Amino acid sequence: MPVNLLDLDAEHLARFVAEMGEKPFRAKQLMKWIHQHGESDFAAMTDIAKSFRQKLAEQAVITIPGMLAEQVASDGTHKWLLDVGAANGVEAVFIPEDDRGTLCVSSQVGCALECSFCSTARQGFNRNLSTGEIIGQLWWANHRLSAEAARLGDAVNESGRAVSNVVMMGMGEPLANYDNVVAALRLMLDDNAYGLSRRRVTLSTSGLVPAIDRLREDCPVALAISLHAPNDHIRDQIVPINRKYPLKVLLAACLRYLEKAPRDFITFEYIMLAGINDQPEHARELAQLVRDVPCKFNLIPFNPFPDSGYNRSGRDAILVFRDILIDAGYVVTVRKVRGDDIDAACGQLAGKVQDRTRRKEKAAAGIQNINFVGREKHA
Ligand code: SAH
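Parameters and conventions
Residues numbered from 1 in each chain as written. Predicted model: local features only at pLDDT ≥ 70, side-chain atom pairs only at ≥ 80, totals over all residues. Heavy atoms only, no water. Helix = DSSP H or I, 4+ residues; strand = E, 2+ residues; numbered from the N terminus. Buried < 20%, exposed > 50% of the residue type's maximum accessible area, 1.4 Å probe, protein only. Contact = heavy atoms within 4.5 Å. Areas by Shrake-Rupley, 256 points an atom, 1.4 Å probe, with all protein chains shown as cover. pLDDT = per-residue confidence, 0-100. Near = heavy atom within 4 Å. Polar contact = N/O pair within 3.5 Å; in protein donor to acceptor, adjacent residues only side chain to side chain. Nonpolar A, V, L, I, M, F, W, Y, C, P; charged D, E, K, R; others polar. Pairing = 2+ DSSP bridges. Salt bridge = Lys/Arg side-chain N within 4 Å of Asp/Glu carboxyl O. Phe/Tyr/Trp six-rings, centres within 6.5 Å; stacked < 30°, edge-to-face > 60°. Lys NZ or Arg CZ within 6 Å of the ring centre and 35° of its normal. 1 Å grid on protein atoms, 1.4 Å probe; cavity = no way out; pocket = protein on both sides within 12 Å on 5 of 7 lines; lining within 4 Å. Points joined across faces, edges and corners; volume = space filled by probe spheres on them. Axes fitted to C-alpha atoms, helices over the stretch in contact; angles between N-to-C directions. Parallel < 35°, antiparallel > 145°, perpendicular 65-115°, else oblique. Left-handed = near helix turned anticlockwise from the far one by under 90°.

Trainee: Kindly report on the overall build of the protein chain, identifying the contributing residues and their values.
Mentor: Summing up its helical and strand segments, the protein chain has twelve helices and 14 strands in all. Sorting the 379 residues of the protein chain into buried and exposed places 55% on the buried side. Put simply, 68% of the contacts in the protein chain that link residues at least 6 apart link residues at least 24 apart. Of the accessible surface of the protein chain, which amounts to about 16800 Å², a share of 49% is contributed by carbon and sulfur atoms.

Trainee: Explain the confidence of the model for the protein chain residue by residue, including any values.
Mentor: Averaged over every residue, the pLDDT of the protein chain is 89; the share at 70 or more is 89%. Counted against residues more than four places away or in other chains, residues 156–161, with its pLDDT under 50, gives 15 contacts. In the model, residues 362–379 has pLDDT below 50 throughout and makes 28 contacts with residues more than four positions away in sequence or in other chains.

Trainee: Kindly report on the site of the ligand, identifying the contributing residues and their values.
Mentor: Around the ligand lies a shell of 21 residues, among which Phe117, Ser204, Ser226, His228 and Asn303 are the nearest. Contacts to the ligand include Gly172, whose backbone N or O atom sits 3.0 Å from a nitrogen atom. Counting residues per element, the ones that place at least two in the shell around the ligand are strand 10 (201–205), strand 12 (266–272) and strand 13 (295–301). Classifying every residue of the shell around the ligand gives ten nonpolar, nine polar and two charged.

Trainee: Provide a residue-level description of the pairing of strand 10, including the pertinent values.
Mentor: Burial runs high along strand 10: five of the five residues are buried. Side chains of strand 10 alternate between two faces, with Val201, Leu203 and Thr205 and Thr202 and Ser204 buried alike. Bridge analysis of strand 9 (residues 165–168) against strand 10 gives three bridges, and the strand direction is parallel. Directly across from Val166, in strand 10, lies its bridge partner Val201. Across four bridges, the pairing between strand 10 and strand 11 (residues 222–226) is parallel.

Trainee: Account for the pattern of salt bridges, with residues named and values stated.
Mentor: Overall, the coordinates contain 14 salt bridges when judged by the stated rule. Here Glu11 ties to Arg15 by a salt bridge, and the two come within 3.1 Å at their closest N and O atoms. One end of the pair, Glu11, and the other, Arg15, are both in helix 1 (residues 10–19), four residues apart, so they sit about a helical turn from each other. Residue Glu11 is classed as partly exposed on the basis of its relative accessible area, which comes to 48%. The shortest N-O distance in the salt bridge between Glu269 and Arg335 comes to 3.8 Å. Placement of Glu269 in strand 12 and of Arg335 in the loop between strand 14 (331–334) and helix 12 (359–366) is noted, with a sequence separation of 66 residues between them. Side by side, Glu269 and Arg335 carry an identical accessibility label, which is buried. One salt-bridge network, in which partners are shared between bridges, spans Asp213, Arg216, Glu217, Arg256 and Lys260.

Trainee: Give a description of the packing of aromatic side chains that names residues and reports values.
Mentor: Counted according to the given criterion, the structure contains six aromatic pairs. For the ring pair Phe268 and Phe297, a centre distance of 5.9 Å and an interplane angle of 40° mean the geometry is tilted. In this pair, Phe268 is assigned in strand 12 and Phe297 in strand 13, connecting sequence segments 29 residues apart. What makes Phe268 buried here is its relative accessible area of 0%. Residue Phe297 is classed as buried on the basis of its relative accessible area of 0%. Arranged with centres 5.2 Å apart and planes meeting at 80°, the rings of Phe297 and Tyr330 form a pair that is edge-to-face. Taken as a pair, Phe297 in strand 13 and Tyr330 in the loop between helix 11 (315–327) and strand 14 lie far apart in primary sequence, 33 residues in all. Overall, Tyr330 belongs to the buried group, its relative accessible area being 12%. Between the NZ or CZ atom of Arg214 and the centre of the ring of Tyr178, over which it lies, the distance is 3.9 Å.

Trainee: Explain the side chain of Thr131 to me, using residue names and the numbers behind them.
Mentor: In this structure, Thr131 sits in helix 4 (residues 131–152). Leaving out residues up to four positions away in the same chain, Thr131 has contacts with Leu6, Asp7, Gly136, Asn180, Ala183, Ala184 and Leu187.

Trainee: Explain the layout of surface pockets to me, and be specific about the residues and the numbers.
Mentor: Over the atoms rolls a probe the size of a water molecule, and its path tells where empty space is left. In this structure, the largest pocket spans a volume of roughly 930 Å³. Glu97, Arg100, Val167, Asn298 and Arg335 are, among the 37 residues lining the largest pocket, the residues nearest its centre. Broken down by secondary-structure element, the contributors of at least two residues to the lining of the largest pocket are strand 5 (89–96), strand 6 (101–104), strand 9, strand 10, strand 11, strand 13 and strand 14. A breakdown of the residues in the lining of the largest pocket according to their chemical character gives 20 nonpolar, eight polar and nine charged.

Trainee: Summarise the sheet that holds strand 5; cite the residues concerned and give the values.
Mentor: Strand pairing in a sheet takes place through backbone hydrogen bonds and is either antiparallel or parallel in direction. If you walk across this open sheet you meet the ten strands as 3-4-5-6-9-10-11-12-13-14, and the pairing is mixed. Here the strands that pair on one side only, and so sit at the sheet edges, are strand 3 (67–72) and strand 14. The mean angle between the axes of side-by-side strands here comes to 20°, regardless of whether they run parallel or antiparallel. Set on the sheet, helix 9 (residues 247–258) makes contact with strand 11 and strand 12; between it and strand 12 the angle comes to about 145°.

Trainee: So, the packing of helix 10 (residues 280–289) against helix 11: which residues are in play, and what are the values?
Mentor: Where helix 10 meets helix 11, the closest approach of the two axes is 9 Å, and the angle between their N-to-C directions is 30°. Between helix 10 and helix 11, the angle is such that the two are roughly parallel. When you trace helix 10 past helix 11, the crossing you get is right-handed. In contact with Pro280, His282, Ala283, Arg284, Leu286 and Ala287 of helix 10, helix 11 contributes Val320, Phe321, Ile324 and Leu325. In terms of residue class, the contact of helix 10 with helix 11 is made up of eight nonpolar, one polar and one charged.

Here it is as structure tokens:
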């Protein structure tokens, strides 16, 4: 089987090139061709010796995942559905803002964690994405956005359409696909590939503590934690991995991470679920819970999907919650809903996954059994 060069970070590509008897700078040239020029045909790599190009064509390929669909929302959000084989697709979402353009990247086909409010979880877990399939999302986004910019004129680029930030917040739990995700992160940071700074690459995790510690040593990018609850009682129900790594253990890992982190704070994501975790007493408990961790809060209004069983917190409840945290001295942002007319909002990424675990049926049955105080009925 020929090696797919899209799967290799700088270190692995250098090793591959060395094994072919070539000098290390050839690896850098290759990286630039693949990731910066978006070239997948060795014959077009004109500054590489013809003999080496021929050898490459025999032993390697550059396989970019195919694109099944592209949708553009009224607010400029783009969503791409990438073909990952066996009738599966994963989604990547680009969110343009005034001063930046953020690409939300998927790490797995489906997800094995069973967060009760997440549409990806309903599909069950299919498989990990390869490094090439993860970095391929950034490859495609750059490719499509630059084609669009060329069509519409350069002004588009200045208004933030190019990818300046990456968040690993798409489908899947990135730390459950550790090796492939870290190799992809290294490509995002590599100057010969995408050259993003560590602060502009954020990994979001539901809280796989041992992997948080590994990431701190291997590739400390900005860290976001899907906290979502002010105590173990609630978090055990909605983010079940909490039963394995409870809040005390998770917050201790956050403090250890900050010793190496590129930012001096952790972002805590907190989904606003009506009647579940959005009451003023929850905000006060939350403010106490994380008082020792330098952090910022990002409140995410729940994005509904069919049969979720949850409702989004009302605007007033979100503002009261936010103000309690602000009064306690925290920096708080409330995530704007983007791209919801194309189902591209946070937590709505469903891709196209064949559920081998029948998770959907199980979840629909199981969700009735969880009793939350003050829970609103799903309309
Ligand atoms: N598995 C990783 C990254 C995936 S999701 C993690 O758990 O962090 C990125 C964020 O979207 C997480 O904070 C996740 O909890 C949140 N999310 C999931 N479903 C959502 C929904 N329906 N509405 C709003 N946010 C959701």
